[in-house]
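Observations on the three-dimensional arrangement
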Amino acid sequence: VTRYILIHANMSSDSTTPPHPLQSPKSPVTPSYPFHREGSRLWERNHLFLGDLPSPLPTKRTRTYSATARASAGPIYKGVCKQFSRSQGHGFITPENGTEDIFVHISDIEGEYVPVEGDEVTYKMCPIPPKNQKFQAVEVILTHLSPHTKHETWSGQIISS
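The name given to the protein chain in an unreviewed UniProt entry is CSD domain-containing protein, with the source organism recorded as Aquarana catesbeiana.

Written as structure tokens, this is what we have:
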């Protein structure tokens, strides 16, 4: 009722009366984010934990046994590392046959070196759920390190090739 009177008063034609500002509702407003910040009280009240959120990236741990078995039984492909970010945990491989770049997750890289641009690799392919229309590289092995570049081991040691 108060809100109606305020709106009605603001719409009146009397120019001598200053318009009354509308009041904001007193109820708490919740953010429209899909999840809350870790330090917020809302986070603690709802008992959400970061580990409960599903990863959008398909990993070795989240792949089904049957998808892993099919990929392991499949053919071996060759390609070149186009880009890989250790901090983000993924990158892309350019296939030898020139088709579309293939996604690679950090959990699917075998061996002791972090791949860098220009490294030659072999890999197998596995479909990415939910539609299984795109593929990702699995069982990725660095076969030839790119010359004249610095390579890093997973433990952080830098080696020049």
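So much for the structure itself; the text now carries on.
**A short note on the pattern of salt bridges**
Counted under the stated rule, the structure contains three salt bridges. Residues Glu152 and Arg86 are paired through a salt bridge, measuring 3.0 Å at the closest nitrogen-oxygen approach. Pair noted here: Glu152 is in strand 7 (residues 150-152) and Arg86 is in the loop between strand 1 (77-85) and strand 2 (90-95), with a separation of 66 residues, a long-range link. A salt bridge links Lys124 to Glu139; its shortest N-O distance comes to 3.7 Å. One end of the pair, Lys124, is in strand 5 (residues 120-128); the other, Glu139, is in strand 6 (residues 134-144), and 15 residues separate them in sequence. Looking at Glu139, the relative accessible area reads 29%, which means it is partly exposed.

**What about the pairing of strand 6?**
The pairing of strand 3 (residues 102-105) with strand 6 spans two bridges and is classified as parallel. The residue bridging Val104 from the neighbouring strand is Ala137, located in strand 6. The pairing of strand 4 (residues 109-110) with strand 6 spans two bridges and is classified as parallel. Considered in strand 6, the bridge of Glu110 is made with Ile141. The pairing of strand 5 with strand 6 spans eight bridges and is classified as antiparallel. Bridge pairing in strand 6 places Ile128 opposite Lys134. Hairpin geometry of strand 5 and strand 6 is characterised by an intervening segment of five residues between the two adjacent antiparallel strands and by a positive phi of about 55 degrees at Asn132.

**Topic: the nonpolar core**
Of all hydrophobic cores here, the largest spans twelve residues; its members are Cys81, Phe84, Ile93, Ile102, Val104, Ile109, Val114, Val121, Tyr123, Ala137, Val140 and Leu142. Those elements giving two or more residues to this core turn out to be strand 1, strand 3, strand 5 and strand 6. When residues in this core are grouped by element, the largest group, three residues, is from strand 6. Beyond its immediate stretch of four places on either side in the chain, Ile109 contacts Phe84, Val104, Pro115, Val140, Leu142 and Trp154.

Rules and cut-offs
- Residues numbered from 1 in each chain as written.
- Predicted model: local features only at pLDDT ≥ 70, side-chain atom pairs only at ≥ 80, totals over all residues.
- Heavy atoms only, no water.
- Salt bridge = Lys/Arg side-chain N within 4 Å of Asp/Glu carboxyl O.
- Helix = DSSP H or I, 4+ residues; strand = E, 2+ residues; numbered from the N terminus.
- Buried < 20%, exposed > 50% of the residue type's maximum accessible area, 1.4 Å probe, protein only.
- Pairing = 2+ DSSP bridges.
- Core = buried A, V, L, I, M, F, W, Y, C linked by side-chain atoms within 4.5 Å.
- Contact = heavy atoms within 4.5 Å.

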